[in-house]
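Chain residues, written in single-letter form:
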Amino acid sequence: MLPTSISSMKSLIFPPFSPLSLHFPKTKPFAFFSLPSKTPNVSYPKFLHVNPSMPSPRPPIFSIPIRQSHIETPQSSSLCGEVHVIVGPMFAGKTTTLLHRIQAESNNGRTVAVIKSNKDTRYGLDSIVTHDGMKLPCWALASLSSFRLKIGPDAYDQLDVIGIDEAQFFEDLYDFCCEAADHDGKTVIVAGLDGDYLRRSFGSVLNIIPLANSVTKLTARCELCGKRAFFTLRKTDETETELIGGAEVYMPVCRQHYVDGQVVIGAARSVLESKKLQCGTCT
Ligand SMILES: Nc1ncnc2c1ncn2[C@@H]1O[C@H](COP(=O)(O)OP(=O)(O)O)[C@@H](O)[C@H]1O
Ligand SMILES: Cc1cn([C@H]2C[C@H](O)[C@@H](COP(=O)(O)O)O2)c(=O)[nH]c1=O
Ligand SMILES: [Zn+2]
């Protein structure tokens, strides 16, 4: 499916840009915490041209005028920093939830920026795209420590809220969250996989739980039975931990189907291995 863009890069820099054109997913993921699904009634945002030396199109840092009504974020406070963590398997709505919260913060007049890992190049490096096509411009970075320099110290100081997607790919996640929330007073909203395809802790996501004001664990729907899905099953026989992909490689599954799936994949792998051993010419 082609992504639905909330803005082209040109309109990112030069409004009009209308958050009303945000495409919200048709299905609502299960969530222990969920935001009201009211579509925000907002006016056009003002984009800040924070680093004039940067070649156009510049990645976004933007604010929207304060509105009467707003979507609340958990424990919102403008005086001190906060860390909010959103985890769950693939297809659970982590990116969707992150983008909603960023949108809500922006609607409340706060200056926001979103970061994703530059390892995921599936939809290009200039935007975050959900599995059902909602899209928001972002900074694609190799490390979080490079963010301040990239955006420029002045722009960094103006920022109220920093969203981080695909957090499992950032090795310096803990240090960045500490610095941004404790020292710099930022609200940091982090979305990422808590576990990999083997259900092992993925990257540093679980390490930042002790830093968090709130933790939201989302669930998807099991692709095989429709029950709540807590885990991500890898459908291929690749074994590296980091393997970029979508529905062609992964599917959300319930506990029963995760266990069944591992048995099936394990059996298929041993059949393939034994075939390779029998066939002297295979490597
Ligand atoms: N198996 C699937 N394949 C493709 N899209 C799916 C699948 N299951 C759910 N979705 C869609 O993906 C949306 C969640 O996308 P996204 O927010 O990008 O999830 P996450 O960031 O947790 O991977 C769901 O609301 C649903 O519309
Ligand atoms: C389970 C698992 C996932 N990945 C990759 C696959 C995707 O590129 C991202 C997750 O994206 P999403 O926004 O959560 O859908 O992570 C991986 O590299 N290894 C894994 O075990
Ligand atoms: Zn199932």
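Below or above, wherever it landed, is the structure these notes cover. (Residues numbered from 1 in each chain as written. Chains lettered and ligands numbered in written order. Predicted model: local features only at pLDDT ≥ 70, side-chain atom pairs only at ≥ 80, totals over all residues. Heavy atoms only, no water.)

**Points about the pattern of salt bridges**
Any two side chains of opposite charge can pair, given that their charged atoms come close. Scanning all chains against the criterion turns up seven salt bridges. Note that Arg 110 is salt-bridged to Glu 105, the shortest N-O span being 3.0 Å. Accessibility expressed as a relative area gives 10% for Arg 110, which makes it buried. With a relative accessible area of 1%, Glu 105 lands in the buried category. Residue Lys 119 is joined to Glu 242 by a salt bridge in which the shortest nitrogen-to-oxygen separation is 3.1 Å. Highlighted residues: Lys 119 in the loop between β6 (112-117) and β7 (127-129) and Glu 242 in the loop between β14 (231-234) and β15 (250-253), separated in sequence by 123 residues. Overall, Lys 119 belongs to the partly exposed group, its relative accessible area being 35%. Given a relative accessible area of 37%, Glu 242 falls into the partly exposed group. Residues joined by salt bridges that share partners form a network here, namely Asp 120, Arg 122 and Glu 166. (Salt bridge = Lys/Arg side-chain N within 4 Å of Asp/Glu carboxyl O. Buried < 20%, exposed > 50% of the residue type's maximum accessible area, 1.4 Å probe, protein only. Helix = DSSP H or I, 4+ residues; strand = E, 2+ residues; numbered from the N terminus.)

**Concerning unusual backbone geometry**
Of note in this structure, Phe 91 is not a glycine but carries a positive phi near 70 degrees. Here Phe 91 shows up in the loop between β5 (82-87) and α2 (94-107). Positive phi values are uncommon outside glycine, yet Arg 199 reaches one of about 65 degrees. Looking at where Arg 199 falls in the secondary structure, it is placed in the loop between β11 (187-192) and β12 (214-221).

**Comments concerning the site of ligand 2**
Around ligand 2, the surrounding shell holds 20 residues, and the nearest of these are Lys 94, His 131, Tyr 197, Thr 241 and Leu 243. Between an oxygen atom of ligand 2 and a side-chain N or O atom of Lys 94, the distance comes to 2.9 Å. Between Gln 168 and ligand 2, the recorded distance is 3.4 Å, taken from a side-chain N or O atom to an oxygen atom. Against a free-state accessible area of 480 Å², the protein chains account for coverage of 97% of ligand 2. Counting residues per element, the ones that place at least two in the shell around ligand 2 are α2 and β14. Grouping the constituent residues of the shell around ligand 2 by class yields eight nonpolar, six polar and six charged. Each of domain 1 (22-218) and domain 2 (222-283) contributes no fewer than three residues to the shell around ligand 2. (Near = heavy atom within 4 Å. Polar contact = N/O pair within 3.5 Å; in protein donor to acceptor, adjacent residues only side chain to side chain. Areas by Shrake-Rupley, 256 points an atom, 1.4 Å probe, with all protein chains shown as cover. Nonpolar A, V, L, I, M, F, W, Y, C, P; charged D, E, K, R; others polar. Domains from an automatic or database assignment.)

**Looking at the state of the cysteines**
In this structure the tally under the stated criterion is zero disulfides. Free cysteine Cys 138: the closest other cysteine sulfur is in Cys 177, separated by 17 Å. The structure places no disulfide on Cys 178, whose sulfur is separated from the nearest cysteine sulfur, that of Cys 177, by 7.7 Å. (Disulfide = S-S within 2.5 Å.)

**Description of the coordination of the zinc ion (ligand 3)**
Tetrahedral coordination by four donors sets the ideal angle at the metal to 109.5 degrees; octahedral coordination by six donors sets it to 90 or 180 degrees. Every protein donor of the zinc ion (ligand 3) is accounted for by Cys 222 (SG), Cys 225 (SG), Cys 254 (SG) and His 257 (ND1), and the metal-donor separations fall at 2.1 to 2.3 Å. For the zinc ion (ligand 3), the four donor atoms are set out with angles of 99 to 117 degrees between them, so the coordination reads as tetrahedral. Donor residues for the zinc ion (ligand 3), ordered by position in the chain, follow C-x2-C-x28-C-x2-H. Taken as a pair, Cys 222 in the loop between β12 and β13 (228-229) and Cys 254 in the loop between β15 and α6 (255-278) lie far apart in primary sequence, 32 residues in all. (Donors = N, O, S within 2.8 Å, 3.2 Å for Na, K, Ca; no water. Tetrahedral: all angles 85-135°; square planar, octahedral: opposite > 155°, others 65-115°.)

**Description of the packing of aromatic side chains**
By the definition in use, this model includes six aromatic pairs. Plain terms: the ring middles of Phe 147 and Phe 176 are 6.3 Å apart, the flat faces sit at 70 degrees to each other, and that makes the pair edge-to-face. You can see Phe 147 sitting in helix α3 (residues 147-151) and its partner Phe 176 sitting in helix α5 (residues 173-183), a full 29 residues away along the chain. Under the relative-accessibility criterion, Phe 176 is labelled buried at 10%. Residues Phe 169 and Phe 202 carry aromatic rings whose centres are separated by 6.0 Å and whose planes lie at 85 degrees to one another, so their mutual orientation is edge-to-face. With Phe 169 in the loop between β10 (161-164) and α5 and Phe 202 in the loop between β11 and β12, this residue pair connects regions lying 33 residues apart in the sequence. Assigned by exposure class, Phe 169 and Phe 202 land together as buried. Pairwise contacts between aromatic rings join Trp 139, Phe 147, Tyr 156 and Phe 176 into one cluster. Across from the ring centre of Tyr 156, 4.6 Å away, lies the NZ or CZ of Lys 186, which sits over that ring. (Phe/Tyr/Trp six-rings, centres within 6.5 Å; stacked < 30°, edge-to-face > 60°. Lys NZ or Arg CZ within 6 Å of the ring centre and 35° of its normal.)

Geometry only, nothing functional implied.
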